[in-house]
Amino acid sequence: MKITKQRAQKIAQKMRGRKVVVLGDVMLDEFIWGDVSRISPEAPVPVVDIKRESTHLGGAANVLANLLALGANGCVVGVVGNDYAGDRIRLSVKEKSDLHRDEFLISVDGRPTTIKTRIIAQQQMVVRADRENRSPVDPDTEQRIIAATRLALEDADALVISDYDKGVITPRVLREILPAAYERIPVLVDPKLRNFESYRPASLVTPNHHEALRLANVDEEAEGALQTAARKIRECLECDAVLITRGQRGMVLFEQDKDPVKVKTTAQEVFDVTGAGDTVIGMLAAALAGGGSLIEAALLANHAAGIVVGKLGTATATMDEVLASIES
């Protein structure tokens, strides 16, 4: 399956100005860049000579960053702490999105902002350190999330659930938000096992290969394992379609009773897969909001992902880059 540059341009034009609401676990991606030239005398570990540091929006906030880079519009609803990382996320989101409202990022006392710190040397990750609280948010915070999401959805063209299993997405939140949203706009879910049975109804669910097999409790060695997993996921969640991402093997779209559609990867080189799933679901949501079909959205998402994995660190793809990838 392929998409022409002309058709992609038409979808891109319709994407502009479309509002996509992202609900999920926002986080700050912190990178420490350096070089390694020796091993520590204290333990058999590399000593990193730090050259620079950088921070980027991560998790659900990175989905928003990808949407904006592609030319769509949107906002993100999530939880941050009353801390430096939370302030950085607030400032960055406000700078990037003219639809951002302060009440969309909910501050919770005593709950730290999720930070993922990666130390990179010679273009390879040496170690990752996470600072987070993964317990589900309390009922009062749930209610604030629900209220903020309803407000954001009033004039939205699509909804993305970006679940990183950090406690923001709960069965109650999903129960209160999904049915009403599904009645009028595309609803896309990047799932995790803990909330699996609560992702209903949905237009599209996007597990990776291993998540799909675990969600459906299917043996990887079984004949037709992916097709069986997709069928079970559709039946359980009452979703319209399942897109299973397979890394360097591309993607497979399972749409109701239609034959599976395999999409081969367009990645030329893979430097870093950090945030690639955010790029995929961001492109999918933007394309569907712009009137593209599920197959067209999957093809565009595959091109966007191929661009992002060729960059080091948390990255985004622009629509110009996607169009150039299609042309080549």
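A few points about the sheet that holds strand E6 (residues 114–121)
Neighbouring strands of a sheet are bound in pairs by backbone hydrogen bonds; such pairs are parallel or else antiparallel. The strand order across the open sheet formed by 4 strands is E3-E2-E6-E7, and the pairing between neighbours is mixed. Taken across any chain shown, the strands that pair with only one partner, and hence form the sheet edges, are strand E3 (46–59) and strand E7 (124–131). Neighbour-to-neighbour, the strand axes of this sheet turn through a mean angle of 20°, independent of strand direction. The pairing of strand E2 (residues 26–39) with E3 spans 13 bridges and is antiparallel. Bridge assignment links Ile32 to a residue of E3, and that residue is Glu53. The sheet strands contacting helix H2 (residues 60–69) are E2 and E3, and the helix crosses E3 at an angle near 75°.

Regarding helix H8 (residues 276–289)
Across its 14 residues, H8 extends 20 Å between first and last C-alpha, which sits within 8% of the 20 Å expected from 1.5 Å per residue. Summarising burial for H8: 13 of the 14 residues are buried, a large majority. Gly291 sits one or two positions beyond H8 and adopts a positive phi of about 90°.

So, the environment of Asp155
Topologically, Asp155 is positioned in the loop between helix H4 (139–152) and strand E8 (158–162). Judged by its relative accessible area of 53%, Asp155 falls in the exposed class. With 128 residues separating them along the chain, Asp155 and Met283 place their C-alpha atoms 19 Å apart. Apart from the residues within four sequence positions on either side, Asp155 is in contact with Lys19 and Arg184.

Remarks on the pattern of salt bridges
Here the structure, examined in full by the defined rule, presents 20 salt bridges. Of the charged contacts, one joins Lys5 and Glu327 as a salt bridge, the two residues approaching to 3.3 Å between their closest N and O atoms. On the criterion of sequence distance, the pair formed by Lys5 in helix H1 (residues 5–15) and Glu327 in helix H10 (residues 319–327) is long-range, its members being 322 residues apart. Judged by its relative accessible area of 23%, Lys5 is partly exposed. The exposure class assigned to Glu327 is exposed, which follows from its relative accessible area of 57%. Close ionic contact of Arg231 with Glu235 constitutes a salt bridge, the shortest N to O distance being 3.5 Å. A residue pair is termed a helical-turn pair when its members lie 3 or 4 positions apart in one helix, as Arg231 and Glu235 do in helix H7 (residues 225–237) at 4 residues. The exposure class assigned to Arg231 is partly exposed, which follows from its relative accessible area of 36%. Through salt bridges with shared partners, a single network forms among Arg134, Asp165 and Arg194.

Definitions and limits used
- Residues numbered from 1 in each chain as written.
- Predicted model: local features only at pLDDT ≥ 70, side-chain atom pairs only at ≥ 80, totals over all residues.
- Heavy atoms only, no water.
- Pairing = 2+ DSSP bridges.
- Helix = DSSP H or I, 4+ residues; strand = E, 2+ residues; numbered from the N terminus.
- Axes fitted to C-alpha atoms, helices over the stretch in contact; angles between N-to-C directions.
- Contact = heavy atoms within 4.5 Å.
- Expected span 1.5 Å × (residues − 1).
- Buried < 20%, exposed > 50% of the residue type's maximum accessible area, 1.4 Å probe, protein only.
- Salt bridge = Lys/Arg side-chain N within 4 Å of Asp/Glu carboxyl O.

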